[in-house]
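# Structural features, examined
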Amino acid sequence: MKRSKFIALFGAALMLALAVFAADVVIIKVQATKLRLQPKFFAQTILSLQAGDRLEKVGESEGWIKVKTSSGIFGWVHSSAAETPKFALSAMNTTLKSKATASEVALAGKGFNKQVEESYRAAHGDISFVWVDRMLVFKANPAQVEDFLRRGRLGEYGGAK
Amino acid sequence: MKPPRPGIRIWAVIALAACLASCEMIEQNVEILSGGRVTARDAQKVLETGEKIRGTFADITEEEEYYIGRSVAALILAKYPVYGNETVIQYLNTVGNAVAAFSDRPEIYAGYHFLALDSEEVNALSAPSGFIFVTKGLLRRCRDEEMLALILAHEVGHVTGKHGLQAIKKSRLADLFTFAGTEAVQRYGPAQIARLTNLFEGALSDIAEQLIERGYDRKYEYDADAMAVAYGSRTGYEAGGIVRFLETMVNDASPAAAQGWFKTHPTAEQRIDRINREIGSLKTAPKIDEVRTKRFKQSVGALK
């Protein structure tokens, strides 16, 4: 077999195999989210999930992914909170190691991370992060938002159309 | 020895690739698995065409975006003082999170967070990863919850569209992706951290220049307006709220109006025309509701 044909076939087979092996796993990519009983934001929550948690994908519906935890619990996560992991052989190989996928960088916590922010802050003492940290304290949890929607006749509580 | 038949070779290659993709085999050397018939350069070609190796702003991870967003937020706060009224801040966070829940990116690394700025400029700013700011001058222009909600939905649109991240120079991203792909360490050493901090500073500068000084490109503003109409109406707000807000800016020659949101945006008239077309294409168009206007006045009406 000619080398170019081998490469093309090898690449196609690799992509097929990666798709087969990786299609049924998703990894949580946000700091924290909830496993929900139904595919909607204000549904009852079952348990808390955090960045890096691996779940088995068993279905999907309009932006939501149905998943199963390692302990066999079924529920829903929004697609913006999870990703299908992608792994690059090049990042694992000592001779070819030159690039990595977003999944690998995210799981390793590499790239721009807390350590980089600390270094930036040390060099820029005039830039204050006090209110940035306080901003994170002001939040509206889903129960508050749902109550706000209900009282304001918004979302599924909507009135005049 | 007779060479193997082509069919056997094909199945052998498929089996080889399948093994390669499995978790157990993935760490083994490509050269070994390819039986020495593929050089390192060839294998790299396979890898580059077959995988989603980081290449564009869209491959910046959620965590990286969060740390970029935190520092861009800090740069915004270095320019504007905070309006620390907790009633106003809590109200902004509730309205903002309501429209974010109906956006295309309801979940973001550390959630959406909103803050008021003590400035008479009419301005709203959004840092990557959902750090969103509105000035007192802008809040004073809003007469009801719909107007505020649609402006916050516009800013959420900039975040979901990753418009801030798109300001980062491609060459800087290429350096980051190569560097972060090669340095497989748990904690960076002094030389590595110095290099990354340099790239980080450059990325912040790219974003801050666009966000604070120059403003988003016209295309991104129109995109964010379209997203505001979509997210606002999905939430149940009257999408015309943004038109009523923009109408307050038409022919306004005051210094407060000339700065901030309208310093660099397309003109109010240009935006109104496009937004009205977006609203006209909605399947259902919610109407304004007095119950919401009342609570808006209770929360924001007494703005000092």
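Note that this is a predicted model, so its numbers are computed, not measured.

### What to know about the overall build of chain B
Counting secondary structure elements, chain B contains 15 helices and three strands. Each of the 304 residues in chain B was classed as buried or not, and the buried ones make up 50%. Sequence separation of at least 24 residues holds for 74% of the intrachain contacts in chain B that already meet a minimum separation of 6.

### Section: the overall build of chain A
For chain A, the count of helices and strands is six helices and seven strands. The order of helices and strands in chain A, counted from the N terminus, is α-β-β-β-β-β-β-β-α-α-α-α-α. Restricting to contacts in chain A with at least 6 residues of sequence separation, those with at least 24 account for 39%.

### Side note on helix α10 (residues 218-235) of chain B
All names here are of chain B. Compared with an ideal rise of 1.5 Å per residue, which puts 18 residues at 26 Å, α10 spans 26 Å between its outermost C-alpha atoms and is within 8% of the ideal. Looking at the buried positions of α10, the neighbouring elements they touch are α5 (86-101), α7 (145-160), α11 (241-247) and α14 (268-280). Of the residues flanking the end of α10, it is Gly236, one or two places downstream, whose phi is positive at about 115°.

### Overview of the confidence of the model for chain A
Overall, the predicted model of chain A reaches an average pLDDT of 82, with 75% of residues at or above 70. In the predicted structure, residues 89-98 of chain A sits below a pLDDT of 50 and forms 29 contacts with residues beyond four places in sequence or in another chain.

### Quick word on the sheet that holds strand β1 (residues 113-117) of chain B
Residue and element names in this part refer to chain B. Taking strand neighbours across the sheet as the criterion, the three strands line up as β1-β3-β2 in an open arrangement whose pairing is mixed. The open sheet terminates on both sides in strands that have one partner only, identified here as β1 and β2 (124-127). Strand-to-strand, the axes of this sheet are offset by a mean angle of 20°, without reference to chain direction. Across five bridges, β1 lies against strand β3 (residues 131-135) in parallel orientation.

### Here's the deal with helix α4 (residues 62-79) of chain B
Here α4 of chain B is 18 residues long and its end C-alpha atoms lie 26 Å apart, about the 26 Å a rise of 1.5 Å per residue gives. Counting buried positions along α4 of chain B gives 15 out of 18 residues, so the element sits mostly inside the fold.

### Thoughts on the packing of helix α4 (residues 114-123) of chain A against helix α9 (residues 190-214) of chain B
At their nearest, the axes of α4 of chain A and α9 of chain B sit 9 Å apart, and the two run at 75° to each other. One finds that α4 of chain A runs roughly perpendicular with respect to α9 of chain B. On the side of α4 of chain A, the interface is formed by Gln115, Val116, Ser119, Tyr120 and Ala123 of chain A, while α9 of chain B contributes Ile193, Leu196, Thr197, Phe200 and Glu201 of chain B.

### Let's talk about the environment of Ala257 of chain B
All names here are of chain B. Following the sequence through the fold, Ala257 ends up in helix α12 (residues 255-258). Ala257 sits in the buried class, given 20 other C-beta atoms within 10 Å. Placed 39 residues apart in sequence, Ala257 and Phe296 show a C-alpha to C-alpha distance of 22 Å.

### Thoughts on the nonpolar core
By size, the foremost hydrophobic cluster in this structure holds 104 residues, and its most contacted members are Val99, Leu150, Ile151 and Leu152 of chain B. What Leu150 of chain B contacts, discounting residues up to four positions off in sequence, is Ala228, Gly232, Tyr237, Ala239, Gly241, Ile242 and Phe245 of chain B.

### Let's talk about the pairing of strand β6 (residues 74-78) of chain A
Residues and elements named next belong to chain A. Burial of β6 is extensive: four of the five residues sit out of reach of the surface. Two elements, strand β5 (residues 64-68) and β6, share five bridges in a ladder whose sense is antiparallel. In the strand pairing of β6, Trp64 is matched with His78. The hairpin turn running from β5 into β6, its antiparallel successor, is five residues long, and Gly72 in that turn takes a positive phi close to 90°.

### As for the packing of helix α5 (residues 130-137) of chain A against α4 of chain B
Where α5 of chain A contacts α4 of chain B, the two axes come as close as 8 Å, and the packing angle between them is 115°. Between α5 of chain A and α4 of chain B the crossing geometry is right-handed. Together, Trp131, Val132 and Met135 of chain A of α5 of chain A and Arg70, Ala73, Ala74 and Leu77 of chain B of α4 of chain B make up the contact between the two elements. Counted by class, the contact of α5 of chain A with α4 of chain B contains six nonpolar, no polar and one charged residues.

Conventions we followed
Residues numbered from 1 in each chain as written. Chains lettered and ligands numbered in written order. Predicted model: local features only at pLDDT ≥ 70, side-chain atom pairs only at ≥ 80, totals over all residues. Helix = DSSP H or I, 4+ residues; strand = E, 2+ residues; numbered from the N terminus. Buried ≥ 20, exposed ≤ 12 C-beta atoms within 10 Å, placed from the backbone. Contact = placed C-beta atoms within 7 Å. Expected span 1.5 Å × (residues − 1). pLDDT = per-residue confidence, 0-100. Pairing = 2+ DSSP bridges. Axes fitted to C-alpha atoms, helices over the stretch in contact; angles between N-to-C directions. Parallel < 35°, antiparallel > 145°, perpendicular 65-115°, else oblique. Core = buried A, V, L, I, M, F, W, Y, C linked by C-beta atoms within 7 Å. Left-handed = near helix turned anticlockwise from the far one by under 90°. Nonpolar A, V, L, I, M, F, W, Y, C, P; charged D, E, K, R; others polar.

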